[in-house]
Amino acid sequence: MENSAQLFNRATHFIPGGVNSPVRAFKSVGGTPIFMESAKGAYLYDVEGNRYIDYINSWGPMILGHAHPDVTQAVSEQGLKSSSFGAPTELEVKMAELIVSMVPNIDMVRMVNSGTEACMSALRLARAYTKKNKIIKFEGCYHGHADSFLVKSGSGVATLQIQSVPGVTSTTASDTLTAAFNDFDAVKRLFSDHPNEIAAIFIEPVAGNMGCIPPTKNFLQQLRELCTKEKALLVFDEVMTGFRLAKGGAQELYGVKADLLTFGKIIGGGLPVGAYAGPREIMEKIAPVGNVYQAGTLSGNPLAMAAGLATLTVLNESPSIYTSLALKTKQLTNGLEKVCREQGIPTSINTVGSMLSLHFTSKPVTDFASALAADNERFKKYFHYLLKQGIYLPPSPFESWFICDVLSDSDIEYTILKTSEFLKTLA
Ligand code: PMP
């Protein structure tokens, strides 16, 4: 079998940058992406047979670990019955019922194929419902790659330092207003500068696309009150946080009610799925009940529903998973903080539930500017040091790490040990 470097070389001839999503390229950290062959539990295995402890978990979906038996079985059984019908199935009904039972404040859900599609569709719906055009998003938050969201975006856009994305027209971009994450006064100013023009605030309730950044106390609640006052919709993009921070996502964790929600990642159990959800009054504006058009040849695809349903069922039936995920994350965070302190290396580690990120800086990381100000050259070295030791971190400081339920104590201890060894190389 060819090694990763050989495969990457072949890939670059036929796939732009050799990857089908820019975040997989090692462009900002340097080197060649690792080509994977298989994965089981908390480990990835590359084409050369090397094993890695996985802290990306497919960028969030694999909360139960890779190749979970329930998920594998559900997908295999469905595969034998056909991979697509283009007609409704009971699986879709079960999925919608389960999601509505797990997530607070929603009556209805529409399945799509990605987080991008979910956010793009929720945006159209929010505009149609409020009859207003502009939206507010936060610098460093990522809501997929629809034109309206590629303004001061996080994730790969931040990693690749693309200040404005060619192909997004200035007219479209001018309808997207931005504020710094956690800056409530800036949001208030945007509403007073654009009276009665703002349809919605889109927010990752816990940002995960500039590293992990929690909302400051009351920030989400303040946004809630402001949206109600201004007759704008509050849209929680729970593509990362949904079913990860709690069964009911960030709404449950923070006790703040959103008007619309978007999902992706975990909801598909590793298959391409997204969804948007909300109260009946808003959701019934969507076609075919209403005239806000949105459709999809493969939406609610049976294989994808089987994987998603199996994953959500495990989470729904064993809520102690969230406690155990948080404990593992705490154990890792405490250990990392301890070795950084011992070695005198300033770091800011943010964590909420099973999301975390480590920035090399002595200052708190509370928004995109503070994430950008960290020593991201040092992060590159850290990334490569750990990769060589069989630990697979996201290849950018602007991405959250995700912990899965099968990560063991010894995986955590090993990660702390290797971090400590790395820090010693800096002395
Ligand atoms: N919203 C958030 C918060 C995300 O993190 C992502 C992807 N990382 C998206 C939307 C887009 O999802 P997808 O990549 O499935 O289109």
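Keep in mind the model is a prediction, meaning the values are calculated, not measured. (Residues numbered from 1 in each chain as written. Predicted model: local features only at pLDDT ≥ 70, side-chain atom pairs only at ≥ 80, totals over all residues. Heavy atoms only, no water.)

1. A look at the overall build of the protein chain
So, step 1. Of the regular secondary structure elements, the protein chain holds 15 helices and 14 strands.
So, step 2. What you see for the protein chain is a C-alpha radius of gyration of 21 Å, in line with the 22 Å of a compact globule of 427 residues.
So, step 3. Across its three principal directions, the C-alpha atoms of the protein chain cover 60 × 55 × 45 Å.
So, step 4. The buried share among the 427 residues of the protein chain stands at 56%.
So, step 5. Of all intrachain contacts in the protein chain linking residues separated by at least 6 positions in sequence, the fraction that spans at least 24 positions is 72%.
So, step 6. As presented, the protein chain carries roughly 17,900 Å² of accessible surface, and 53% of it is formed by carbon and sulfur atoms.
So, step 7. Computing the positive centroid from 38 side-chain charges and the negative centroid from 40, the protein chain places the two 4 Å apart. (Helix = DSSP H or I, 4+ residues; strand = E, 2+ residues; numbered from the N terminus. Rg over C-alpha atoms; globule rule 2.2 N^0.38 Å. Buried < 20%, exposed > 50% of the residue type's maximum accessible area, 1.4 Å probe, protein only. Contact = heavy atoms within 4.5 Å. Areas by Shrake-Rupley, 256 points an atom, 1.4 Å probe, with all protein chains shown as cover. Lys, Arg positive; Asp, Glu negative; His and termini not counted. Charge placed at Lys NZ, Arg CZ, Asp CG, Glu CD.)

2. Side note on the nonpolar core
So, step 1. Of all hydrophobic cores here, the largest spans 102 residues; its most connected members are Ile99, Phe138, Phe243, Ile267, Leu312, Leu315 and Tyr382.
So, step 2. When residues of this core are assigned to their parent elements, the largest contribution, 9 residues, is made by helix α11 (residues 302–317).
So, step 3. Inspection of this core shows a minimum of three residues originating in each of domain 1 (4–67 + 319–425) and domain 2 (69–317).
So, step 4. Aside from chain neighbours lying at most four places away, what touches Tyr382 is Leu336, Leu358, Phe360, Leu393, Trp401, Thr419 and Phe422.
So, step 5. Listed in part, the 21 residues of the second largest apolar core include Cys119, Phe149, Met283 and Val292. (Core = buried A, V, L, I, M, F, W, Y, C linked by side-chain atoms within 4.5 Å. Domains from an automatic or database assignment.)

3. Digging into the side chain of Ser121
So, step 1. Locating Ser121 in the fold gives a position in helix α4 (residues 115–130).
So, step 2. Owing to a relative accessible area of 2%, Ser121 belongs among the buried residues under this scheme.
So, step 3. When residues no more than four places from it in sequence are discounted, the contact partners of Ser121 are Val112, Tyr276 and Gln294.

4. So, the environment of Val365
So, step 1. By the secondary structure assignment, Val365 is in the loop between β12 (355–359) and α13 (368–372).
So, step 2. Of the residues examined, Val365 reaches a relative accessible area of 3% and is grouped as buried.
So, step 3. Through-space distance from the C-alpha of Val365 to that of Pro214 is 9.3 Å; in sequence the pair is 151 residues apart.
So, step 4. Sequence-distant contacts of Val365, defined by excluding residues within four places in its chain, comprise Ile213, Ser348, Asn350, His359, Ser370 and Ala371.

5. Focus: the site of the ligand
So, step 1. All residues in the neighbourhood of the ligand are listed as Ser114, Gly115, Thr116, Tyr142, His143, Gly144, Glu204, Asn209, Asp237, Val239, Met240 and Lys265.
So, step 2. In this structure, Thr116 approaches the ligand through a side-chain N or O atom, which is 2.5 Å from an oxygen atom.
So, step 3. Within the backbone of Tyr142, a nitrogen or oxygen atom sits 3.2 Å from a nitrogen atom of the ligand.
So, step 4. Contact with the protein chains removes 82% of the 390 Å² of surface that the ligand exposes when unbound.
So, step 5. By residue class, the composition of the shell around the ligand is 3 nonpolar, 6 polar and 3 charged. (Near = heavy atom within 4 Å. Polar contact = N/O pair within 3.5 Å; in protein donor to acceptor, adjacent residues only side chain to side chain. Nonpolar A, V, L, I, M, F, W, Y, C, P; charged D, E, K, R; others polar.)

6. Observations regarding the domain arrangement of the protein chain
So, step 1. Partitioning the protein chain into domains gives domain 1 (4–67 + 319–425) and domain 2 (69–317).
So, step 2. Buried surface at the junction of domain 1 and domain 2, summed over both partners, amounts to about 2,900 Å²; 68% is from carbon and sulfur atoms.
So, step 3. Taken together, domain 1 and domain 2 are joined by 0 salt bridges.
So, step 4. Along the contact surface separating domain 1 from domain 2 lie 12 residue pairs in polar contact (both at pLDDT 80 or more).
So, step 5. Among the elements of the structure, α12 (320–343), β11 (348–352), β12 and α13 are those that each provide at least two residues to the side of domain 1 that touches domain 2. (Buried area = accessible area lost by both parts, 1.4 Å probe. Salt bridge = Lys/Arg side-chain N within 4 Å of Asp/Glu carboxyl O.)

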